[in-house]
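For reference, the chains in residue letters:
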Amino acid sequence: VVVYKMNRASRDLDSYITSMRSILASRGIKIRSATEQFDDSPIGRFIENIHVMIGQLDNENKRETVKDNMALYAKQGYWLTRPLRGYQRAKIVNSDGQERPTMKKGPEAKLVTQILMHFNRGDISVAELCRYATDIGFLNLKGKPISQETMTKMIKHIFYAGYVRSKLTDNQPVKAKHPGLITEEVYWENQEILKNKNKPY
């Protein structure tokens, strides 16, 4: 088997040795690189492993760089993952003229606001809120009623108040680039209601 470089064969030494080289060797098949020199001698095997490990190191460095960049963007309020219900993907231009990912209000935005504001009245349970969501046509992606677990997560999402919070922000809320569907005041009131959902608010 001839590869251009050994990092095209694998970028993980353990899986290369156990899942590729040993299996091919048992069938009398050797691996060679078109641009790197090594043979089947002990020194050759060492050099072969070094080439794979260089690719592994490069991968791990890139992974750390990507993680650092994602954390930097998140701490600036950009949204980096799949949009939440009520939002859709969008991009905005930063001060350096670079496009960055965020969210904008989607077709379901008004329904999400309506649901969260309905809960803000303080006189209904999460189960009743799920039934209310069904009544106004807000269902899950399979067309079925929203579960209480999903609804509770929705109430707890500070993203709906225009903030970003994740491991990338050290779980600290950061003012986001996307618009909130409810005010910050309503969000915190809903958290208190949720804590005391069996008591009048």
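Everything in this summary refers to the structure shown in the same document. All residue numbers here refer to positions counted from 1 along the written sequence of the relevant chain. Residue-level local features of this predicted model are given only where pLDDT is at least 70; pairs of side-chain atoms are given and counted only at 80 or more, and the full residue set underlies all totals for whole chains, interfaces and linings. Values shown for side chains rest on all heavy atoms present in the structure; no hydrogens or waters enter the calculation.

So, about a negative patch on the surface. Nonpolar side chains (Val, Leu, Ile, Met, Phe, Trp, Tyr) within 5 Å and like charges within 9 Å form the patches, drawn only from residues with over 30% relative accessible area and no salt bridge. Residue-level accessible areas treat just the shown protein chains as cover; the underlying method is Shrake-Rupley with a 1.4 Å probe. One speaks of a salt bridge when a side-chain nitrogen belonging to Lys or Arg is within 4 Å of a carboxyl oxygen belonging to Asp or Glu. In this count, Lys and Arg are taken as positive residues and Asp and Glu as negative ones, while His and the chain termini are left out. The atoms used to mark charge sites are NZ of Lys, CZ of Arg, CG of Asp and CD of Glu. On the surface, D12, D14, E60, E64 and D68 cluster together into a negatively charged patch. Tracing the backbone through its elements, the reader meets E64 in helix α3 (residues 42-75). In this text, helices come from DSSP runs of H or I with a minimum length of four residues, and strands from runs of E with a minimum of two, each type numbered from the N-terminal end.

Time to look at helix α7 (residues 184-195). What a helix should span is 1.5 Å times the count of its residues minus one. In this model, α7 (twelve residues) spans 17 Å end to end at C-alpha, consistent with the 16 Å of a helix rising 1.5 Å per residue. Those residues of α7 that sit buried are V186, Y187, N190, Q191, I193 and L194. The buried residues of α7 occupy an angular sector of 165 degrees when the element is viewed end-on, so they sit on one face. Projecting away from the buried face of α7 at angles above 90 degrees are the exposed residues E185 and K195. When checking whether two residues touch, look at their non-hydrogen atoms; a contact exists if any pair is within 4.5 Å. Residues of α7 that are buried in the fold lie against α4 (109-119), α5 (126-135) and α6 (148-156). Buried means the residue's accessible area, taken with a 1.4 Å probe over protein chains only, is under 20% of the maximum for its type, while exposed means over 50%, and partly exposed covers the values in between. Of all possible arcs, the one meant is that of the directions from the helix axis to the C-beta atoms.

Attention now moves to the pattern of salt bridges. Counted according to the given criterion, the structure contains twelve salt bridges. Of the charged contacts, one joins R32 and D40 as a salt bridge, the two residues approaching to 3.2 Å between their closest N and O atoms. Exposure remark for R32: the relative accessible area of 26% places this residue in the partly exposed category. Classification of D40 as partly exposed rests on a relative accessible area of 36%. Among the ionic pairs, D170 bridges to K75, the shortest N-O distance being 3.5 Å. One end of the pair, D170, is in the loop between β5 (163-164) and β6 (174-175); the other, K75, is in helix α3, and 95 residues separate them in sequence.

Keep in mind that these numbers describe shape and distance, not what the molecule does.
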